[in-house]
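Fold and contact review
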Amino acid sequence: MLLDLTFLTPAALLALRIIVAIVFFSSGKSHVTKPKERGESLGMSPSLTVVIGALEIIAALMIAFGIFSQIGALLIIFTMLGAIKMKLIDWNTGFYAEKGYGWHYDVIFLAAALVILATNGGAYIII
């Protein structure tokens, strides 16, 4: 090992949680406040869009504040698996697609959620 930076692990996991939470809170808020527009762009009903958005917001808050982080991570994992399935199978989208709609983004957040799930979010959690 070149440098032993393992002492940074708790701070790194906290930073990961905060970044994931910001992205999913923002996405969820967009789904909840603009369900018709977001639903149309995703091929979903407005009501399903609101449900997914609410789950993203709940997951984001759980992850950010370290309250049942693993449950929040599972919600993100299921969301990302659904997004990947939609892009791969329903839309036949490539890993990198035109206009940034590929599923590369989803895989990154799937991996981030797996890290949160496996570590329970690190040392800086409430529950």
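What comes next concerns the included structure. Not measured: the values here are computed from a predicted model.

Here we come to the environment of Phe95. Tracing the backbone through its elements, the reader meets Phe95 in the loop between helix H4 (69–90) and helix H5 (104–119). For Phe95, a relative accessible area of 34% corresponds to the partly exposed category. Sequence separation between Phe95 and Ile84 is eleven residues; the distance between their C-alpha atoms is 9.6 Å. Beyond its immediate chain neighbours, meaning those up to four positions away, Phe95 contacts Gly102, Trp103, His104 and Val107.

A few words now on the pattern of salt bridges. Applying the stated rule across the entire model yields three salt bridges. A salt bridge links Lys85 to Asp90, with the shortest nitrogen-to-oxygen separation between them at 3.0 Å. Take Lys85: its relative accessible area is 41%, and that puts it in the partly exposed class. Asp90 gets classed as partly exposed once you look at its relative accessible area, which sits at 44%. As a salt-bridge pair, Asp106 and Lys87 come within 2.8 Å of each other at their nearest N and O atoms. Remark: Lys87 occurs in helix H4 and Asp106 occurs in helix H5; sequence separation between them is 19 residues. Here Asp106 and Lys87 have matching classes, each one buried.

On to the packing of aromatic side chains, then. In the structure shown here, the tally under the stated rule is four aromatic pairs. Seen from their ring centres, Phe95 and Tyr96 are 4.9 Å apart, and the 80° between their planes marks the pair as edge-to-face. For the pair Phe95 and Trp103, a centre-to-centre distance of 4.9 Å together with 85° between the ring planes defines the contact as edge-to-face.

Moving on to unusual backbone geometry. One non-glycine residue, Phe68, adopts positive backbone phi at about 50°. Turning to its location among the elements, Phe68 is positioned in the loop between helix H3 (46–65) and H4. Relative accessible area serves as the criterion here: at 42%, Phe68 is assigned to the partly exposed category.

About the criteria used
Residue positions within a chain follow its written sequence, with the count starting from 1. Side-chain atom pairs in this predicted model are given and counted only at pLDDT of 80 or more, local residue features only at pLDDT of at least 70, and totals for whole chains, interfaces and linings cover all residues. Derived side-chain values reflect all non-hydrogen atoms in the structure, with water molecules and hydrogen atoms excluded from consideration. The numbering of helices and of strands both runs from the N terminus, where a helix is a DSSP run of H or I of at least 4 residues and a strand a run of E of at least 2. Throughout, exposure labels follow a simple rule: accessible area from a 1.4 Å probe, protein chains only, divided by the maximum for the residue type, with under 20% read as buried, over 50% as exposed, and the rest as partly exposed. We call two residues in contact whenever any of their non-hydrogen atoms come within 4.5 Å of each other. Here, a salt bridge means any side-chain nitrogen of Lys or Arg that lies within 4 Å of a carboxyl oxygen of Asp or Glu. Think of it this way: a Phe, Tyr or Trp ring, Trp meaning its six-membered ring, pairs with another when their centres are within 6.5 Å, and the plane angle makes it stacked under 30 degrees, edge-to-face over 60, tilted otherwise.

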